Each structure stands twice: as C-alpha cells, then as structure tokens.
Amino acid sequence: MSDDDYIYDEATGEWRPASEVKQAAAAAVPMVRDAAGNVLADGDSVVLVKDLKVKGANQTLKQGTVIRSIRLTENVEEIDCRHETIRGLVLRTEFVRKR
C-alpha cells in the first residue's frame with residue numbers, strides 16, 4: 001500500500017490512512033510471555049520450570065526439560081509444542097522459560 005491509500009474503518013465510520021490502520025493492527029496483537037516475562041515467538045525453545053504430569057500419557061516431564069520449536073496459539077496463555085515421546089502437547093506459558 002502506498003501513502004495515498006485509505007481504508008474505511010467500520011468502527012468509527014471514517015476513512016483512515018492505511019499506515020495508521022497497520023500501526024493500530026500491530027499494536028492490537030497480544031504478546032505471549034513466559035514465566036520470567038520474556039516474549040515468546042514461533043520456533044523458540046523453552047525449558048520447563050517445574051515437573052509436569054502429562055494427562056493421558058502416564059508420564060512426567062521433569063524440570064529442565066527442553067522443548068524445541070514451539071508454536072503460539074490463539075490463547076496467549078498456551079503454547080503448542082512437541083516432545084520426543086509426546087505429540088500434540090499443549091503447555092501453559094506460566095510453566096516455561098525461554099531458553
């Protein structure tokens with residue numbers, strides 16, 4: 001989009017410059033943070049900060065276990081990840097720290 005482009009904002013009923021709309025959309029994206037307050041992104045590696053019992057797998061993930069290649073979900077308090085023995089694992093961000 002060029003500087004001359006305008007987008008109709010249905011909420012206010014006004015035509016706004018495209019650059020303003022892009023900035024507002026970027027500001028509205030929530031940031032996912034780990035237990036220490038670090039910002040998480042897709043593909044990051046995290047470490048568990050406490051032992052977690054995994055429901056349905058009869059297994060416990062120990063503190064210090066490294067989880068690689070996380071994916072962010074729509075919920076800012078959860079991340080989707082994989083472990084060598086557990087597929088489709090969803091962890092809460094309060095139990096992980098960025099590596």
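One structure accompanies this document, and this report is about it.

What counts and what doesn't
Residues numbered from 1 in each chain as written. Predicted model: local features only at pLDDT ≥ 70, side-chain atom pairs only at ≥ 80, totals over all residues. Heavy atoms only, no water. Pairing = 2+ DSSP bridges. Helix = DSSP H or I, 4+ residues; strand = E, 2+ residues; numbered from the N terminus. Buried < 20%, exposed > 50% of the residue type's maximum accessible area, 1.4 Å probe, protein only. Contact = heavy atoms within 4.5 Å. Polar contact = N/O pair within 3.5 Å; in protein donor to acceptor, adjacent residues only side chain to side chain. Core = buried A, V, L, I, M, F, W, Y, C linked by side-chain atoms within 4.5 Å.

### Points about the sheet that holds strand β10 (residues 96-98)
Read across the sheet, 3 strands follow the order β6-β3-β10 without closing on themselves; strand pairing throughout is antiparallel. The open sheet has two edge strands, β6 (66-67) and β10, and neither has a second partner. Of the strand pairs in this sheet, strand β3 (residues 46-48) and β6 are connected by 2 bridges, and their pairing is antiparallel. Bridging across to β6, V46 finds its partner in I67.

### What about the sheet that holds strand β7 (residues 71-72)?
Strand order across the open sheet formed by 3 strands is β7-β8-β9, with antiparallel pairing between neighbours. Two strands close off the open sheet at either side, each with one partner strand: β7 and β9 (89-92). Judged from the 2 bridges that link them, β7 and strand β8 (residues 78-81) form a sheet pairing that is antiparallel. Residue pairing in the sheet places L72 in a bridge with I79 of β8.

### Some remarks on the environment of E74
Of note, E74 is situated in the loop between β7 and β8. Overall, the relative accessible area of 83% leaves E74 in the exposed class. Separated by 44 residues in the primary sequence, E74 and P30 place their C-alpha atoms 9.5 Å from one another.

### As for the side chain of T93
Here T93 is to be found in the loop between β9 and β10. When near neighbours in sequence (up to four residues on either side) are disregarded, T93 contacts V32, R33, D34, A35, L40, V76, E77, E78 and I79.

### Side note on the side chain of T65
Here T65 is to be found in the loop between β5 (59-61) and β6. Accessibility expressed as a relative area gives 18% for T65, which makes it buried. Polar side-chain contacts of T65 include one of 2.6 Å to the backbone oxygen of K62. Contact partners of T65, with chain neighbours within four places excluded, come to V46, V47, L48 and H83.

### Some points on the pairing of β8
Looking down a regular strand, the side chains alternate between one sheet face and the other. Once β7 ends, the chain turns through 5 residues before running back antiparallel as β8. For β8 and β9, the ladder comprises 4 bridges, and the chain directions are antiparallel. When the sheet's bridge partners are listed, I79 is paired in β9 with L91.

### What to know about the nonpolar core
In this structure, L40, V46, I70, I79, L89, L91 and V96 are the most contacted members of the largest nonpolar core, which totals 15 residues. Only β3, β4 (52-54), β8 and β9 provide two or more residues apiece to this core. Setting aside anything within four residues of it in sequence, one finds L40 in contact with V32, R33, D34, V46, I70, L72, I79, T93, V96 and K98.

### Points about unusual backbone geometry
Even without glycine at this site, N58 takes up a positive phi of about 50 degrees. Along the chain, N58 falls in the loop between β4 and β5. Given the relative accessible area of 81%, N58 is considered exposed. Positive phi values are uncommon outside glycine, yet S69 reaches one of about 55 degrees. With respect to the secondary-structure elements, S69 resides in the loop between β6 and β7.

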